[in-house]
Amino acid sequence: MKKKIPSLLFALIWGVSLPVFSQLPVYLDDTKPVEERIDDALSQMTLEEKIAMCHAQSKFSTPGCPRLGIPEIWMSDGPHGVRMEFVWDDWRHAHWTNDSCTAYPALTCLAATFNPELAYRYGKALGEEARYRGKDIILGPGVNIYRTPLSGRNFEYMGEDPYLSSIMVVPYIQGVQENGVAACVKHFVLNNQEKYRNAINVEVSDRALNEIYLPAFRAAVERAGVWAVMGSYNKYKGSYCSHNDTLINKILKGDWKFDGVMLTDWGSAHDTDEAARNGLDLEMGTWTNGLTWGLSSTYDQYYLARPFLEKIKRGELSETLLDEKIRRILRLCFRTNMNRQRPYGRKLTEEHTAIARKVAEEGIVLLKNEKEFFPIAPGRYKKIAVIGENAVKKLTEGGGSSELKARREISPLQGLIEKYGEENIVYSMGYASGAPDYSRELPSGFDADSLVRCAVEVAKNADVVLFFGGLNKNFRQDCEGDDRESMDLPYGQNELLDKILQVNSNVGVVLISGNAVSMPWLKAVKGLMQSWYLGSEAGVATARVISGEVSPSGKLPFSIPCKLEDNSAHYFGLESYPGDGENVYYHDDILVGYRWHDTRHIDPLFPFGYGLSYTRFEYGDTRTDKVAYDICDTVRVEVEIANVGRMDGAETVQVYVSQKNPSLPRPVKELKGFRKFFLRKGEKKWVTLEVPVQDFAFYDDRQSRWVVEPDSYQLQIATSSRDIKQAVEVRVNP
Ligand code: BGC
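Values in this document were obtained by computation on a predicted structure and should not be read as measured data. (Residues numbered from 1 in each chain as written. Predicted model: local features only at pLDDT ≥ 70, side-chain atom pairs only at ≥ 80, totals over all residues. Heavy atoms only, no water.)

So, the state of the cysteines
Here is step 1: Under the definition given, this model contains zero disulfides.
Here is step 2: For the unlinked cysteine Cys241, the closest cysteine sulfur is that of Cys184, found at 14 Å. (Disulfide = S-S within 2.5 Å.)

Structure, rendered in structure tokens:
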């Protein structure tokens, strides 16, 4: 039998232990306000402890403060899944056996869904995996604007339109951060090309900076409340973006009131004084001396390490600069690894697979469908030839820092075999690339001529040909570190397609890429889909769309020009892209993407926002709640849409706004609203879109502010930037 503890003794124990509890340091007491806890922790740290926290201790971590029990911060790329582990101090994979992930579709695909709800589920699932893997910061999403189809990293970004990327980035971040994992929006800012990225200075007008390149970052900060921002490698106004006074102190932390951590891209800091003064909080690096290439010395040599410490000790830099950085880093800790409430995360769940598949299915864009080439219902053809390396190539590997070790990656060929049966599919590779290897591509080892011969033979004997081509994640394609050299398809794919078309005219093409490619064979093929790096469920999603189980509903998040020179960056010659090695001049200014094509009347091959469906949508009447609005109002536009085709399906209605008499030149129209909705076959409904009048604004560089001018505005209801179904006119009151 248990002895009863006398109540006096009990009281005494409590009496003794109470003062012990009340001595819990303020910074560990989560009933106290966060800012108080930050001040308390900071007040207990030595100068050396603070210095240690503002630079890396390994490739992907920073030290906490061990003496105070403040944990290390662990990071991982981003943005399409949680990257594999690395050796502590170099770029070799660690080869763990428990670091595989669900690979989600690339962000171009997410943008192509035009579905913010999916962006939230994507972020939430990714955050769960990051949390389970012990990561405190996920290095994504990327929202640099797609300015040229040559840029090696467009696949990691959300397309050419600032409105679309702003709308999609917010729920992604919210989803990640609900897990107590920080998202880190990158690369702030103007990292619109990989060529010369380490040092190029971008000359851009204030107007283009504000209207085109900043909005998605601003939405990430102001609307999503992102906890971390990564600087870019390039320069703006002659100063490196990762420690740029205008960008960080004035815009990010001043105007937008960002209260999180500003960190470098890996090795993008270049100077201790600038890093200390110009708003950089945390220095991460590629080699241990903080530079891109360097000696193998210690992290102590980082700009924000010993050199910073010494300058503070000598009185050349103030300790308050350091305190400000540590405050932000501690705030991030309280939001992540010192938040006792945060969930535990999970990984590789069925829900994760389902969300990866759903995004992939909704992102695939049907560009051409002559005589209902698609869908190819099982049983329609006896012999389907699948040709092209991209039907089998692992596309989650390579590409630079977004590489993933996917637990499973179903290739399009696998997906098609499962859908149509092995007996109905014959595969031929047709062309071959080499394996990706950071800054080069290894030789492929295949004989190109025999690959072509075999493919033509296979095509000749098939009822239909599905060609899987496009780009891949090799260097100078869709890959970090450099740009593509032209808009053409690599590995002789155009010539191969010509030969296939000579022996079989029933050809459909599925392009897998994160960038526009030129398509000299477009007229000759019957069907065309723009697909993306779809991740783990690539093959399943592709087969479901091709077979008609799912009607395609993706829309292009960028314009596809007829030729490279029709793109705004290239139109102005080498100065405007890639620049002279020192400077790049954004002569295209605010006219990027469809803004350029539409304003300059240069027809694209396929316009922004374009994408077909297997079903057909009819646009009926459009109405607004009134005709005259005040600046603080929101315009409610209603449009009646019916699914009059033969299948259930989803459509994205888009609203473009154009101002009648602006006091400064404006693009002829700009996307200011969209809504994706699902309609059953035969169903009809009124769809409502809300456009705040504030969003009609342009950046007036004469006054350095956004203005909405009293004027007439046309709201164009569209199914793509070039297919306007209805228009309504509204007035903004003085
Ligand atoms: C990339 C970043 C990435 C970092 C860490 C850099 O090279 O530009 O996007 O997050 O490496 O891998």
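Focus: the sheet that holds strand β21 (residues 617–624)
Here is step 1: Spatial ordering of the open sheet is given by β21-β23-β26, a layout of three strands whose pairing is antiparallel. Looking at which strands have only one partner, the edges of the open sheet turn out to be β21 and β26 (684–692). Within the sheet, the average angular offset between the axes of one strand and its neighbour, ignoring direction, is 25°.
Here is step 2: Pairing geometry for β21 and strand β23 (residues 634–643), over six bridges, is antiparallel. Bridge pairing links Glu618 to Ala642 in β23. (Pairing = 2+ DSSP bridges. Helix = DSSP H or I, 4+ residues; strand = E, 2+ residues; numbered from the N terminus. Axes fitted to C-alpha atoms, helices over the stretch in contact; angles between N-to-C directions.)

A closer look at the site of the ligand
Here is step 1: Around the ligand, a shell composed of 15 residues is seen, among which Asp77, Arg153, His187, Asp265 and Glu480 lie nearest.
Here is step 2: Take Lys186: an N or O atom from its side chain is 2.9 Å from an oxygen atom of the ligand.
Here is step 3: One of the side-chain N or O atoms of Glu480 is found 2.6 Å from an oxygen atom in the ligand.
Here is step 4: In the shell around the ligand, the residues fall into six nonpolar, two polar and seven charged. (Near = heavy atom within 4 Å. Polar contact = N/O pair within 3.5 Å; in protein donor to acceptor, adjacent residues only side chain to side chain. Nonpolar A, V, L, I, M, F, W, Y, C, P; charged D, E, K, R; others polar.)

Observations regarding helix α13 (residues 350–363)
Here is step 1: End to end, α13 covers 20 Å across 14 residues, agreeing with the expected 20 Å (1.5 Å per residue, within 8%).
Here is step 2: Within α13, the full set of buried residues consists of His352, Ile355, Ala356, Val359, Ala360, Glu361, Glu362 and Gly363.
Here is step 3: The secondary structure elements touched by the buried residues of α13 are α4 (107–113), α5 (116–132), β10 (365–369), α17 (538–547) and β25 (670–679). (Expected span 1.5 Å × (residues − 1). Buried < 20%, exposed > 50% of the residue type's maximum accessible area, 1.4 Å probe, protein only. Contact = heavy atoms within 4.5 Å.)

Brief notes about the packing of helix α15 (residues 448–460) against helix α16 (residues 493–503)
Here is step 1: α16 packs onto α15 with a crossing angle of 30° between their chain directions and a minimal axis gap of 8 Å. In this view, α15 runs roughly parallel relative to α16, as classed from their interaxial angle. In the crossing of α15 with α16, the sense of the turn from one axis to the other is right-handed. Contacts between α15 and α16 involve Val452, Ala455, Val456, Ala459 and Lys460 from the former and Leu496, Lys499, Ile500 and Val503 from the latter.
Here is step 2: Looking at the contact of α15 with α16 residue by residue, the class counts come to seven nonpolar, no polar and two charged. (Parallel < 35°, antiparallel > 145°, perpendicular 65-115°, else oblique. Left-handed = near helix turned anticlockwise from the far one by under 90°.)

Here's the deal with the domain arrangement of the chain
Here is step 1: Structurally, the chain comprises domain 1 (19–335), domain 2 (350–558), domain 3 (560–608) and domain 4 (617–732).
Here is step 2: When each unit is reduced to the centre of its C-alpha atoms, the spacing between domain 1 and domain 2 is 34 Å.
Here is step 3: Across the contact, 53 residues belong to domain 1 and 46 residues belong to domain 2.
Here is step 4: Here domain 1 packs against domain 2, burying approximately 3,800 Å² in sum over the two surfaces, 59% of which is carbon and sulfur. (Domains from an automatic or database assignment. Buried area = accessible area lost by both parts, 1.4 Å probe.)

Describing the environment of Ile212
Here is step 1: Tracing the backbone through its elements, the reader meets Ile212 in helix α7 (residues 206–213).
Here is step 2: When the C-alpha positions of Ile212 and Asn144 are compared, they lie 9.6 Å apart, and in sequence the two are 68 residues distant.
Here is step 3: Ignoring sequence-local partners within four residues, the contact set of Ile212 consists of Ile145, Pro162, Arg207, Asp589, Ile590, Val592 and Arg595.

Focus on unusual backbone geometry
Here is step 1: Along the chain, Asp77 connects to Gly78 via a cis peptide bond; the corresponding omega equals 5°.
Here is step 2: Turning to its location among the elements, Gly78 is positioned in the loop between β2 (73–76) and α4.
Here is step 3: The backbone phi angle of Lys237 is positive, close to 55°, even though this residue is not glycine.
Here is step 4: The topology assignment puts Lys237 in the loop between β7 (235–236) and β8 (239–240).
Here is step 5: For Lys237, a relative accessible area of 52% puts it in the exposed group.
Here is step 6: At Tyr491, a position not held by glycine, the phi torsion is positive, near 60°.
Here is step 7: Of note, Tyr491 is situated in the loop between β15 (464–470) and α16.

Some details on the sheet that holds β7
Here is step 1: Read from one edge of the open sheet, four strands run β8-β7-β5-β19, paired in mixed fashion. A strand with exactly one partner marks an edge of an open sheet, and here the two such strands are β8 and β19 (583–585).

Notes on the nonpolar core
Here is step 1: Grouped together as the largest cluster of nonpolar side chains are 192 residues, with contacts concentrated most on Ile70, Phe188, Tyr213, Leu263, Ile376, Trp521 and Ile546.
Here is step 2: Apart from residues lying up to four places away in sequence, Tyr213 is in contact with Ile145, Arg147, Val189, Leu190, Asn192, Val204, Ala208, Tyr586 and Val592.
Here is step 3: Residues Val655, Val657, Val708 and Tyr713 belong to the second largest nonpolar core, which totals 25 residues. (Core = buried A, V, L, I, M, F, W, Y, C linked by side-chain atoms within 4.5 Å.)

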